[in-house]
Amino acid sequence: MVIYMEYKITLKDELDTIELAQNLESEKFPNMIICLNGELGSGKTVFTKAFASSLGITDTITSPTFSIIKEYNGELPLYHMDVYRLDGNTSGVNIEDYFTKGGIVVIEWADTIKDILPKERLDIKFKVLDENKRVLVITPHGKQYEELCEAVL
Amino acid sequence: MKILAIESSCDETSMSVIEDGHIDLGTVILSQIDIHKLYGGVVPEIASRSHVESVTVVLEETLNKANVTMDEIDAIAVTYGPGLIGSLLVGLIAAKTIAYIYNKPLIPVHHIAGHIYANNLVKKMEFPLIALVVSGGHTELIYMKENYNFEKIGGTLDDAVGECYDKVARVLGLPYPGGPSIDKLSKEGKDTYKLPLPLNDDSYDFSFSGIKSAVINLVHNEEQRGNVIRKEDLACSFQNKVVEILTKKTIKALKEYHVKNLVVAGGVAANSAIRKSLEEECIKNSFDLTVPPILYCTDNAAMIGAAGFFAYQKGIRADLNLNAKANCNLEDLL
């Protein structure tokens, strides 16, 4: 049995979410995979917007819910995905291609495509406490992500 | 001039033959469901979007329907973006291949330009105009001074209208897509829940993630208090706010840009409350409103053929190096 390290963080408001995203971005590396899970309105897109702005992306980050994948150019390319609408059916969308393109991949509702996710990745689960407060459970998978968490969290 | 148009930016593969930018000689839209029907059941390899066979089937069907041969086609128009790269490439490679084999000019068309030009299939577009583009993935206000000249004056900062409807529908336990479900249910309800008017400012931008969160919080709070949510009333309250802000900013744009013509584009144009509200305001202000029929509102190649004609007249061409773009600006004409 593999026991994963887990970090639990309480965020008091949206600004805390933004700060966390900025801190994670500062330790970025090519082919970094960040998987976001949590109910609607829990802060997944807020996190991604902050991450993107730290990456130097000036385009407005809009929701990829309908289009599934949106691509942006920053210090590294950002591939922002929302796989909810696929309902687990990833055939033909070529999501796996993005894992090795040298950019950063942020996947919302990643739990719905668990089968194709790379073994090494960062999982972030958003839990809603009230209108503003969130608890984040952050689980690094693989050495690179464990080191990232140790550096930032 | 007859243009063979190809669109494959998202869920559908579609081809069409359009004459002079406004006559639809024949359009075929092949959805995943049709592909399954065609082959008698679900065949995984065929369901795969990248399968070349669906393209050749749609091409044959389109030429048959339009009753033209490839010799009679003057140019090929194709959506190069924005969209899913994998999906876009299917149409793009088909277009490049056809253009190469039959030696026809290739016209690159932006997906949103296509949505706007769907209106030309209904009625000759008069300029200047304001286009409100509302679809699953887009919410934009575009100012067009003249034919094939686009200026984006505003857009969503987060969710598109369609996405917001889908997410609120998820919260209310209504079926996908959320637009028609909420539109239908709201007719049985009253505007009783207090929700914010999203991004009610002087800009032409929209933001729908706030109202989505407001609905979620309202549902949570009511549940915690043990109150039952009146879904029809919440659907109505939500829709009213969305319609109010869309109408307000669109009409403001028409007034401030001194424009008399409004065209609506995209799948959400089918929403009855949005249509009604815009119709009322346009009558009140003597603006001329055009909304395409549903078939031309959702993704289709006919609109690409219509836009392609005007792109061609403007001298826009691509060579065989044309590449698909997941993200691209409407203003940066190729």
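Q: Give a description of the pairing of strand β1 (residues 2-7) of chain B that names residues and reports values.
A: Residues and elements named next belong to chain B. The buried count for β1 comes to five of six residues, which makes it a mostly enclosed element. For β1 and strand β2 (residues 13-19), the ladder comprises six bridges, and the chain directions are antiparallel. Within the sheet, the bridge partner assigned to Ile3 lies in β2 and is Ile18. A loop of five residues connects β1 with β2, the two strands running antiparallel in sequence. As defined by bridge partners, β1 adjoins strand β4 (residues 75-81) across four bridges and the pair is classed as parallel. Bridge pairing in β4 places Ile3 opposite Ala75.

Q: How would you explain the interface of chain B and chain A if you had to name every residue and give the values?
A: Interfaces are often sized by the amount of accessible area the parts lose when they come together. With 29 residues of chain B at the interface, the matching set in chain A holds 19 residues. For the side of chain B that touches chain A, the secondary structure elements donating two or more residues are α2 (44-47), α6 (161-172) and α8 (209-224) of chain B. Element by element, the count of residues in the side of chain B that touches chain A is highest for α6(B), at six residues.

Q: Go over the confidence of the model for chain B, please, and point to the residues and values.
A: All names here are of chain B. Predicted confidence across chain B gives a mean pLDDT of 92, with 93% of residues reaching 70 or more. A low-confidence stretch, residues 41-48 (pLDDT under 50), is modelled with 15 contacts involving residues beyond four sequence positions or located in other chains. Interface confidence for the predicted complex, given as ipTM, is 0.89, next to a pTM of 0.91.

Q: Help me get a handle on the sheet that holds strand β1 (residues 7-11) of chain A, residues and values and all.
A: The pairing of strands in a sheet comes from backbone hydrogen bonds and takes either a parallel or an antiparallel form. Residue and element names in this part refer to chain A. Pairing is mixed across the open sheet formed by seven strands, whose spatial order is β1-β7-β6-β2-β5-β4-β3. Looking at the sheet topology across the chains shown, the edges are occupied by β1 and β3 (69-72). The mean angle between the axes of side-by-side strands here comes to 20 degrees, regardless of whether they run parallel or antiparallel. Taken together, the four bridges between strand β2 (residues 32-37) and strand β6 (residues 121-128) define a ladder with parallel strand orientation.

Q: Please set out helix α4 (residues 85-102) of chain B residue by residue, giving values where relevant.
A: Residue and element names in this part refer to chain B. The end-to-end C-alpha distance of α4 is 25 Å, a good match for the 26 Å that 18 residues give at a rise of 1.5 Å each. Every buried residue of α4 is accounted for by Ile85, Gly86, Ser87, Leu88, Val90, Gly91, Leu92, Ala94, Ala95, Lys96, Ile98 and Ala99. Trailing α4 by a residue or two, Asn103 shows a phi angle of about 55 degrees, which is positive.

Q: Outline the domain arrangement of chain B, listing residues and values.
A: Residues and elements named next belong to chain B. The assigned domain composition of chain B is domain 1 (2-117 + 296-313) and domain 2 (125-291). Inter-centroid distance (C-alpha atoms) of domain 1 to domain 2 is 29 Å. With eight residues of domain 1 at the interface, the matching set in domain 2 holds 15 residues. Among the elements of the structure, α5 (111-117) and α12 (302-313) are those that each provide at least two residues to the side of domain 1 that touches domain 2. Examining the composition of the side of domain 1 that touches domain 2, we find that four residues originate from one element, α5, more than from any other. Class assignment for the residues of the side of domain 1 that touches domain 2 results in six nonpolar, two polar and no charged.

Q: Go over the sheet that holds strand β8 (residues 151-155) of chain B with me, naming the residues and quoting the values.
A: Residues and elements named next belong to chain B. The sheet built from five strands is open, its strands ordered β8-β7-β6-β9-β10 with mixed pairing. Looking at the sheet topology across the chains shown, the edges are occupied by β8 and β10 (288-290). Looking at each pair of strands side by side, their axes are set apart by 20 degrees on average, direction ignored. Judged from the three bridges that link them, strand β9 (residues 261-265) and β10 form a sheet pairing that is parallel. In the strand pairing of β10, Leu262 is matched with Leu289. Helix α9 (residues 231-256) contacts β6 (129-134), β7 (139-144), β8 and β9 of the sheet and is inclined by roughly 160 degrees relative to β6.

Q: A description of the nonpolar core should follow, citing residues and the corresponding values.
A: Residues and elements named next belong to chain B. Ala5, Ile76, Ala131 and Leu262 are the most contacted members of the largest nonpolar core, which totals 147 residues. Residue contributions to this core peak at ten residues, all from α9. Looking at which domains feed residues into this core, each of domain 1 (2-117 + 296-313) and domain 2 (125-291) gives three or more. In contact with Ala131, not counting residues within four places along its chain, are Ile116, Ile142, Met144, Val263 and Ala265.

Q: Please set out the packing of α6(B) against α9(B) residue by residue, giving values where relevant.
A: Residues and elements named next belong to chain B. Taken N-terminus to C-terminus, the directions of α6 and α9 make an angle of 165 degrees; their axes are 11 Å apart at the nearest point. Classed by the angle they form, the pair α6 and α9 counts as roughly antiparallel. Note that α6 runs across α9; the crossing there is right-handed. In this structure, α6 uses Val161, Cys164, Val168 and Leu172 to contact α9, whose residues at the interface are Lys231, Leu234, Ala235, Phe238 and Val242. Of the residues in the contact of α6 with α9, the class split is eight nonpolar, no polar and one charged.

Q: Please provide a residue-by-residue account of unusual backbone geometry, values included.
A: A negative phi angle characterises most non-glycine residues, just as the trans form characterises most peptide bonds. All names here are of chain B. Along the chain, Phe127 connects to Pro128 via a cis peptide bond; the corresponding omega equals 0 degrees. Structurally, Pro128 is set in the loop between α5 and β6. The linkage connecting Tyr176 with the following residue, Pro177, adopts the cis geometry, with an omega of -5 degrees. Among the secondary structure elements, Pro177 is positioned in the loop between α6 and α7 (178-186). Located in the positive-phi region is Leu199, a residue other than glycine, with phi close to 45 degrees.

Each value, and the rule that gives it
- Residues numbered from 1 in each chain as written.
- Chains lettered and ligands numbered in written order.
- Predicted model: local features only at pLDDT ≥ 70, side-chain atom pairs only at ≥ 80, totals over all residues.
- Buried ≥ 20, exposed ≤ 12 C-beta atoms within 10 Å, placed from the backbone.
- Helix = DSSP H or I, 4+ residues; strand = E, 2+ residues; numbered from the N terminus.
- Pairing = 2+ DSSP bridges.
- Contact = placed C-beta atoms within 7 Å.
- pLDDT = per-residue confidence, 0-100.
- Axes fitted to C-alpha atoms, helices over the stretch in contact; angles between N-to-C directions.
- Expected span 1.5 Å × (residues − 1).
- Domains from an automatic or database assignment.
- Nonpolar A, V, L, I, M, F, W, Y, C, P; charged D, E, K, R; others polar.
- Core = buried A, V, L, I, M, F, W, Y, C linked by C-beta atoms within 7 Å.
- Parallel < 35°, antiparallel > 145°, perpendicular 65-115°, else oblique.
- Left-handed = near helix turned anticlockwise from the far one by under 90°.

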